[in-house]
Amino acid sequence: VQAVGLGADAQYGLSTGLTVFGATRSGTNRFAGFTEAWTNPSSWVAVNTQSLSQALQRQYASLRVDAYWNANGQVGGPIRTDRLWFFAGLDHTTNDYAPAGYDGTDSQQERDSRAIGKLTWKAWPAGLVEGFLQAGRRHVRNFGLSITTPSEAAADYRQPQVSGDVRAVHTA
């Protein structure tokens, strides 16, 4: 995968453009799949400021993780042996946290879901037709929450997106 971006840093959610080149999996005559899930429980985030005064402990509070997990999977295989194949993938992340130094009770709550589907068809002996459709939805409540930005001033950020492509390739 290659990505080239211009404009503001990604952490600010701003961009004047991004070009991405990637490759998706293509047909195979055997079914295959993969799935995984992982998490980072709040109990895994250490506090190393116990020796400081209460005021300094609040000032140097570490990131507070309320919930963090990711689950994803993919599957692919033949629909018709040597003629038509499919690939599909799903991904979801939940990330609820309060930034380092923030001493309020609220948190930045992120939900990010993505899916892709692809078909590859051997339409003639030397030709393939491929198409994919991918969609995603990102929602962040209290976007921008920080030690200097309270939840009342943070944003509700929504970013739906859909894209796709179809191409035909003839190999001599």
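Residues numbered from 1 in each chain as written. Predicted model: local features only at pLDDT ≥ 70, side-chain atom pairs only at ≥ 80, totals over all residues. Heavy atoms only, no water.

Engineer: I'd like to hear about the overall build of the protein chain, residue by residue, with values.
Structural biologist: Along the protein chain, the regular secondary structure elements total 1 helix and 8 strands. Within the protein chain, the fraction of its 172 residues that count as buried is 23%. A separation of at least 24 residues holds for 57% of the contacts in the protein chain among residues at least 6 apart in sequence. Accessible area for the protein chain stands at about 11700 Å²; split by element, carbon and sulfur atoms hold 58% of it. (Helix = DSSP H or I, 4+ residues; strand = E, 2+ residues; numbered from the N terminus. Buried < 20%, exposed > 50% of the residue type's maximum accessible area, 1.4 Å probe, protein only. Contact = heavy atoms within 4.5 Å. Areas by Shrake-Rupley, 256 points an atom, 1.4 Å probe, with all protein chains shown as cover.)

Engineer: Before we move on, can you summarise the pairing of strand S5 (residues 84–98) with the specific residues and values?
Structural biologist: By the bridge criterion, 15 bridges tie strand S4 (residues 64–80) to S5 in an arrangement that is antiparallel. Along S5, the bridge assignment pairs Tyr 68 with Asn 95. Connecting S4 to the antiparallel partner S5 that follows it, the hairpin turn spans 3 residues, and Asp 82 within it adopts a positive phi of roughly 60 degrees. Both S5 and strand S6 (residues 108–124) contribute to a ladder of 14 bridges, which runs antiparallel. Among the inter-strand pairings, Asp 96 is bridged to a residue of S6, identified as Gln 109. (Pairing = 2+ DSSP bridges.)

Engineer: Explain the packing of aromatic side chains to me, using residue names and the numbers behind them.
Structural biologist: Per the stated rule, a full pass over the model turns up 3 aromatic pairs. Ring centres of Phe 31 and Phe 86 lie 6.2 Å apart, and the angle between their planes is 50 degrees; this geometry places the pair in the tilted category. Separated by 55 residues along the polypeptide, Phe 31 in the loop between strand S2 (17–21) and strand S3 (32–39) and Phe 86 in strand S5 bring together distant segments of the chain. Among the residues examined, Phe 31 registers a relative accessible area of 57% and is labelled exposed. Aromatic pair Trp 38 and Tyr 68: ring centres 5.6 Å apart, planes at 55 degrees, arrangement tilted. Remark: Tyr 68 occurs in strand S4 and Trp 38 occurs in strand S3; sequence separation between them is 30 residues. Given a relative accessible area of 21%, Tyr 68 falls into the partly exposed group. (Phe/Tyr/Trp six-rings, centres within 6.5 Å; stacked < 30°, edge-to-face > 60°.)

Engineer: Give a detailed account of the pattern of salt bridges, specifying residues and quantitative values.
Structural biologist: Counted by the stated rule, this structure contains 8 salt bridges. In this structure, Asp 96 and Arg 111 form a salt bridge, with 2.6 Å as the shortest nitrogen-oxygen distance. On the criterion of sequence distance, the pair formed by Asp 96 in strand S5 and Arg 111 in strand S6 is long-range, its members being 15 residues apart. Residue class for Arg 111 comes out partly exposed when judged on its relative accessible area of 32%. Across the pair Lys 118 and Glu 130 runs a salt bridge whose closest N-O atoms are separated by 3.5 Å. Here Lys 118, found in strand S6, pairs with Glu 130, found in strand S7 (residues 127–143); they are 12 residues apart in sequence, far enough to count as distant. A relative accessible area of 10% places Glu 130 in the buried class. In this structure, a network of salt bridges that share partners links the residues Lys 118, Glu 130 and Arg 167. (Salt bridge = Lys/Arg side-chain N within 4 Å of Asp/Glu carboxyl O.)

Any functional reading would require information that these geometric values do not contain.
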